[in-house]
Protein chains: 2
Amino acid sequence: MKPRVDYTLYLCTDRDLMTTDSIEEAVELAIKGGATVVQLREKDCSGREFLEIAHSVKEVTDAYEIPLIINDRIDIALAVDADGVHLGQKDIPAVTARELLGQDKIIGVSAYNAELALQAQKDGADYIGVGDVFGTSTKADTHHVSIEELTKIRNAVKIPMVAIGGVNHGNVEKLQGTGVDGVAVISAVIGAKDITAAAEQMADKLEGIKR
Amino acid sequence: MKPRVDYTLYLCTDRDLMTTDSIEEAVELAIKGGATVVQLREKDCSGREFLEIAHSVKEVTDAYEIPLIINDRIDIALAVDADGVHLGQKDIPAVTARELLGQDKIIGVSAYNAELALQAQKDGADYIGVGDVFGTSTKADTHHVSIEELTKIRNAVKIPMVAIGGVNHGNVEKLQGTGVDGVAVISAVIGAKDITAAAEQMADKLEGIKR
């Protein structure tokens, strides 16, 4: 059965930004602080390395019963029996992903306008990741999404929506009233000296923001 | 059922080297000249683009009843129902690939010494790609494999073996007596002005070389 996902504090990994030696450690510390879902996003590594990391991280997420989402590589998600995949607009389309993954897996799709969000919903996506909301340094080739556009997208679709892109403790409150189901964080959490504390503080702020 | 593959003239694609406008056209011309199996190898493109190219190329290979092998991305192979995958030493391991693909698909593994070749055979690979035999400009991070080592690998394993790496019309005869089941060609065929003629000439030479 498809897991119910709490998207409130959606942690994305990035080895280049984390303050720990291992991804497993960063993920565990973030979960202890309140991360509710984890996306493994490793762009610059081989398939074999990605698979090995996915196996190790899944041991952590399983231990805490936190869903694990794999970025882009459906084959890696299948190989480690992850809870789902997250797909960008240049990745394999959601419809094809659904055929490969079946009905019990989570499929997330990146969308930066209402049209793409509606298409994702139509294609069977379980949630959308919307951004770049605050400007991010972790991805090239991003589209800025204003708070106004974010609200418009929220009103256009029924599936859960996660805001992504440069979200940190200083700007997260700007999302108040947009109806987001959660925020995706990278450097604001895994780039912090105290990852658990950073996650806790972000989770606290999100309690007040979510509708 | 797993297709029987004739590995004699194993065509690898590379958009940067081909003389045609489209990969589909290059593949069709090479098949007309005698290519017996096609591997789609596109490293610098998105998952979505790779999927689209794979769909288009499969229409061509299906029309000529030539097996289509996908490099690295098992999810793409599954999505287009390709005949198999080719895996490098840094890709998802063959054992995992077999779990995802089942018994009816071809799995090829790159090996540059007898130990890796034996491991690939043990892991259920259907064939091995051995090289770099003559020095290639199309891949970084390659290992040179001498004719002596190639013969040693041939004697170590039972599964079919394809020599790869800089094979062209001028050097292919050096493979005489090594017991290779075929050669993988890229630029020597798809980089030729007349792709069909280049494939024909290579196929002719290979007739004399194969044991």
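Per chain, residue numbering runs from 1 following the sequence as it is written. Just so you know, chain letters begin at A and ligand numbers begin at 1, following the order they were written in. In view of the model being predicted, local features appear only for residues whose pLDDT reaches at least 70, and side-chain atom pairs are presented and counted only at 80 or more, with totals across whole chains, interfaces and linings using the full set of residues. With hydrogens and water excluded, all non-hydrogen atoms of the structure serve as input to the side-chain values.

Caption draft 1: Broad picture of the overall build of chain A. Secondary structure elements are defined from DSSP: runs of H or I of at least 4 residues count as helices, runs of E of at least 2 residues count as strands, and each element is numbered from the N terminus. Looking only at helices and strands, chain A features eight helices and eight strands. For the radius of gyration, the atoms used are the C-alpha atoms, and the globule rule reads 2.2 Å times the number of residues raised to 0.38. For a compact globule of 211 residues, the expected C-alpha radius of gyration is about 17 Å, and chain A comes in at 16 Å, within 12% of that figure. Burial status follows relative accessibility: with a 1.4 Å probe on protein chains alone, a residue under 20% of its type maximum counts as buried, one over 50% as exposed, and anything between as partly exposed. Burial status across chain A gives 56% buried among its 211 residues. Between two residues, a contact is recorded if the distance between any of their heavy atoms is within 4.5 Å. Long-range contacts, defined as pairs at least 24 residues apart, comprise 62% of the intrachain contacts of chain A with a sequence gap of at least 6. As displayed, chain A has an accessible area near 9,100 Å², and 45% of this comes from carbon and sulfur atoms. Computed by Shrake-Rupley with a 1.4 Å probe, the accessible areas treat only the displayed protein chains as cover when residues are assessed.

Caption draft 2: Inspection of the confidence of the model for chain A at higher detail. On average, residues of chain A carry a pLDDT of 94, and 98% of them reach 70 or more. Interface confidence for the predicted complex, given as ipTM, is 0.91, next to a pTM of 0.94. pLDDT runs from 0 to 100 and stands for how confident the predictor is about each residue.

Caption draft 3: Summary view of the relation of the copies chain A and chain B. Residues reaching a pLDDT of at least 70 in both copies supply the C-alpha atoms on which the copies are superposed by least squares. With an RMSD of 0.0 Å, the fit of chain A onto chain B corresponds to turning through 180° and sliding 0.0 Å along the axis. Seen this way, the second copy is the image of the first under a two-fold rotation axis. Taking the C-alpha atom as reference, chain A places Asp75 of chain A closest to the rotation axis, 2.4 Å from it. An overlap of 100% is found between the interface residues of chain A and their copies at the interface of chain B, pointing to a shared contact surface.

Caption draft 4: Examining helix H2 (residues 47–63) of chain B more closely. With 17 residues, H2 of chain B extends 24 Å from end C-alpha to end C-alpha; this agrees with the ideal 24 Å at 1.5 Å per step. Once H2 of chain B finishes, Glu65 of chain B follows within two positions and takes phi at roughly 55°, a positive value. Take the number of residues in a helix, subtract one, and multiply by 1.5 Å to get its expected span.

Caption draft 5: Layout of the state of the cysteines. A pair of cysteine sulfur atoms is labelled a disulfide when the two atoms are within 2.5 Å. A full pass over the atoms with the stated rule returns zero disulfides over all chains. The thiol of Cys45 of chain A is unpaired, and the distance to the nearest cysteine sulfur, on Cys12 of chain A, comes to 15 Å.

Caption draft 6: Spotlight on the packing of aromatic side chains. Residues and elements named next belong to chain A. When the centres of two rings from Phe, Tyr and Trp lie within 6.5 Å, Trp using its six-membered ring, the rings pair. Their planes under 30 degrees apart give stacked, over 60 give edge-to-face, and anything left gives tilted. Inspection of every chain in the model, using the stated rule, returns four aromatic pairs over all chains. With a centroid separation of 5.7 Å and 55° between ring planes, the pair formed by Tyr10 and Tyr127 is classed as tilted. Of this pair, Tyr10 sits in strand E1 (residues 9–12) while Tyr127 sits in strand E6 (residues 127–131), and the two are 117 residues apart along the sequence. For Tyr10, a relative accessible area of 2% translates into the label buried.

Caption draft 7: Molecular detail of the sheet that holds E1 of chain A. All names here are of chain A. Pairing between strands requires that DSSP locate at least two bridges from one strand to the other. Pairing in this closed barrel of eight strands is parallel, and the strands run E1-E2-E3-E4-E5-E6-E7-E8 around the ring. Each adjacent strand pair in this sheet contributes to an overall mean axis angle of 25°, direction not counted. Where strand E2 (residues 37–40) lies against strand E3 (residues 68–71), three bridges are found, and the strand directions are parallel. Within the sheet, the bridge partner assigned to Gln39 lies in E3 and is Ile69. Running over the sheet, helix H8 (residues 195–209) touches E1 and strand E8 (182–185) and is turned about 145° from E1. To define axes, lines are fitted to C-alpha atoms, for helices over the stretch in contact only, and angles between the resulting N-to-C directions are given on a 0 to 180 degree scale.

Caption draft 8: The environment of Asp72 of chain B, seen in detail. Mapped onto the secondary structure, Asp72 of chain B falls in the loop between strand E3 (68–71) and helix H3 (74–80). Here Asp72 of chain B falls in the buried class, since its relative accessible area comes to 12%. Once the C-alpha coordinates of Asp72 of chain B and Leu40 of chain B are considered, the two residues, 32 residues apart in sequence, prove to be 9.5 Å apart. Non-local contacts of Asp72 of chain B, meaning those with residues more than four positions away in its chain, are made with Arg73 and Asp75 of chain A together with Lys43, His86, Leu87 and Asp91 of chain B.

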